[in-house]
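Fold and geometry: a report
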Amino acid sequence: MMELSAISEILNTAAKRSAIQQEWLRQLAQAGSGAGTISKDDLAKQTDEFLELLGAALRSGSTDVDAPPFKPLREFLEDISRSRAQLQGFSSTETAIFIFSFKQPLFEQLRALHRADADGLTKDVWAATRLVDSLGMHTVKTFQLTREAIIRRQQEEMLELSTPVVKLWEGILALPMVGTLDSARAQVVMESLLNRIVETGSQIAILDITGVPTVDTLVAQHLLKTVTALRLMGAECIISGVRPQIAQTIVHLGVDLQGVTTKSNLADALALALKRAGYTVSH
Amino acid sequence: MDVVQAPLRSPNDIVLARQLVRRAAQEAGLSLVDQTKIVTAASELARNTVVYGLGGEMTVQLLQEETRKGVRLSFVDQGPGIADLELALTDGWTSGNGLGMGLSGARRLVNEFEIHSRVGEGTRVTITRWK
Amino acid sequence: MAEHIPILRIGEHLLVSIQVDLHDQMALQLQDDLTAAIQRHSAHGVLIDISALEVVDSFIGRMISDISGMGRILGARTVVVGMRPAVAITLVELGLSLPGVETALTIERGMAQLRAEEP
């Protein structure tokens, strides 16, 4: 439990609050925060809103930064933290600087308030430190989470871009199902193939499993799902790269590939696809 | 929108339920496929509630955790309840009315699936899809 | 409340384009209307265009299967056209593969398919 009434009084007195803001902005300029990425105007607006929201929260009498009265302030901090995380020039240090630069100006006001009362000053400085620190931690945490989310999203986008759906011919797509068929990637790749079918109006999809070392239940199930989805959409499917051992495995697993033609290599599969698509292959 | 409730009394309510869930899924930023999955799951469960649960309601909740967003749906009825839950959740089982298909299928479409049911008291199914 | 989904006649074939999120009642009505139309026109084929459907649940899936089955008894083939990728993926996950139902990517292809195997 923190005793924040003195701080509340300071923030809710116009003159004192204004003084804090001036000093805070001066500190931020000195720390070189933003290095031109955030305009002076925006910084002024942000410090203004921070003081407004903090003042309002403290006016409610609450002293717990996780409680509802502090929600608007927390959300504001999350917003500016997120926007800084997304801008190029910002590290988590600078985001923290925004908050922690607020301490000095606040302490000065507390000093002015307490004059000779050392005890009172110590108590309030301690309370102020804890308040600002917890707000600062919250901001840094959001910054890091946003950064992680950005990295994750970039990874996903890369996965989608690197998806290996190949247009072999007009109306014929091929999907080399290489190496790792881990569930998440497999899903993305399947979606990508289906979307490309629609985008290109392709009639036939060749699923090439030449590069898949072993066909186990998981792989077989994924294959079956892809085959079924293609069929439901109205596209045809040919599986290439089926070696005898794989054919055996598929039969043993009891997987019914629903009459899908299989070929041992891609070239044969392509020849068949061309025939089905109505092309004649002449030598 | 944080928590929204919708009645499930007549078959028409099923369509409304789908639209409600679609909006929530979009707000949570789910991918198109994931949106489709949860809307379809909702359709299955909503129909169960209307037809077998003799009417009930659906609750839609937008979830916002630190690192992820999601949608949580609850389907509650005070109907006859399900006598053998394990059986009802088995793939391809039907009670003669197709009840089984809805549950086991819906379960595969979501990340979290919880069901409580008591004969004579009713059923509650809660499903969650995360972004 | 049951509105009727329009059924177009193109030669010996019927075309139904589902544009709206189907109420259960509308789906059942469509089933009735289609089977009646197949009989009335001695249709050889039915094209069901679902390219506008964002959701196909087990009820609609069953409807499609039933239309296909009933159509076959009445001497008509059914081709379901334009299923969206997200819908296809979801149906597969649901465990519905609509066995015995013919499919095509577009209405044009579906029509060609229906005509191709005719005597």
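Anything mentioned here points back to the structure above.
Residues numbered from 1 in each chain as written. Chains lettered and ligands numbered in written order. Predicted model: local features only at pLDDT ≥ 70, side-chain atom pairs only at ≥ 80, totals over all residues.

From N to C terminus, chain C includes four helices and five strands. Reading chain C from its N end, one meets helices and strands in the order β-β-α-β-α-β-α-β-α. Over its C-alpha trace chain C gives a radius of gyration of 13 Å, about what one expects of a compact globule, namely 14 Å for 119 residues. Dimensions of chain C, computed from C-alpha atoms along their principal axes, come out at roughly 35 × 35 × 20 Å. The proportion of buried residues among the 119 residues of chain C is 45%. Taking the intrachain contacts of chain C between residues at least 6 apart in sequence as the baseline, contacts between residues at least 24 apart amount to 75%. (Helix = DSSP H or I, 4+ residues; strand = E, 2+ residues; numbered from the N terminus. Rg over C-alpha atoms; globule rule 2.2 N^0.38 Å. Buried ≥ 20, exposed ≤ 12 C-beta atoms within 10 Å, placed from the backbone. Contact = placed C-beta atoms within 7 Å.)

To continue, consider the overall build of chain B. Scanning chain B from N- to C-terminus turns up four helices and five strands. Start at the N end of chain B and walk to the C end: the helices and strands fall as β-α-α-β-β-α-α-β-β. Along the three orthogonal principal directions, the C-alpha set of chain B runs to about 40 × 25 × 20 Å. Residues counted as buried form 41% of the 131 residues belonging to chain B. A separation of at least 24 residues holds for 63% of the contacts in chain B among residues at least 6 apart in sequence.

Let us look at helix α3 (residues 40-59) of chain A. All names here are of chain A. The first and last C-alpha atoms of α3 sit 28 Å apart over 20 residues, in line with the 28 Å expected at 1.5 Å per residue. If you check which residues of α3 are buried, you get T47, F50, L51, L53, L54, A57 and L58. Close packing links the buried residues of α3 with α1 (5-11), α2 (14-30) and α4 (71-86). (Expected span 1.5 Å × (residues − 1).)

Turning our eyes to something else, we now look at the pairing of strand β4 (residues 112-118) of chain B. For a regular strand, side-chain orientation follows a simple rule: the groups alternate between the two sheet faces. All names here are of chain B. Inspection of the sheet shows β4 paired to strand β5 (residues 122-130) by seven bridges, in the antiparallel sense. Within the sheet, the bridge partner assigned to I115 lies in β5 and is V125. Linking β4 to β5, which pair antiparallel, is a turn of three residues; within it G120 sits at a positive phi near 85°. (Pairing = 2+ DSSP bridges.)

One can describe the packing of helix α2 (residues 32-51) of chain B onto helix α3 (residues 85-94) of chain C by two numbers: an axis separation of 9 Å at closest approach and a directional angle of 50°. Judged by the angle between their axes, α2 of chain B and α3 of chain C are oblique. As α2 of chain B runs across α3 of chain C, the sense of the crossing is right-handed. Contacts from L32, V33, T36, K37 and T40 of chain B in α2 of chain B reach A86, V87, I89, T90, E93 and L94 of chain C in α3 of chain C. Taken together, the residues of the contact of α2 of chain B with α3 of chain C sort by class into six nonpolar, three polar and two charged. (Axes fitted to C-alpha atoms, helices over the stretch in contact; angles between N-to-C directions. Parallel < 35°, antiparallel > 145°, perpendicular 65-115°, else oblique. Left-handed = near helix turned anticlockwise from the far one by under 90°. Nonpolar A, V, L, I, M, F, W, Y, C, P; charged D, E, K, R; others polar.)

Moving on, we come to the interface of chain C and chain A. In many reports, interface size means the accessible area that the parts give up when they come together. Taken together, the contact between chain C and chain A spans 13 residues of the former and 15 residues of the latter. Going through the elements one at a time, α3 and β5 (102-104) of chain C are the ones with two or more residues in the side of chain C that touches chain A. Ranked by residues supplied to the side of chain C that touches chain A, first place goes to α3 of chain C with five residues. Within the side of chain C that touches chain A, the residues separate by chemical class into ten nonpolar, two polar and one charged.

A few words on the sheet that holds strand β2 (residues 13-17) of chain C. Across a sheet, paired strands are connected by hydrogen bonds in the backbone, their directions being either parallel or antiparallel. Residues and elements named next belong to chain C. If you walk across this open sheet you meet the five strands as β1-β2-β3-β4-β5, and the pairing is mixed. Looking along the sheet, the strands with just one partner apiece sit at the ends: β1 (7-10) and β5. Here the average twist between neighbouring strands, direction ignored, is 25°. Where β1 meets β2, four bridges bridge the pair, whose relative direction is antiparallel. Note that in β2 the partner of I10 across the bridge is H13. Against the sheet, helix α1 (residues 24-41) touches β1, β2 and β3 (45-49), its axis set at about 160° to β2.

Function-wise, these values are silent; they only describe arrangement.
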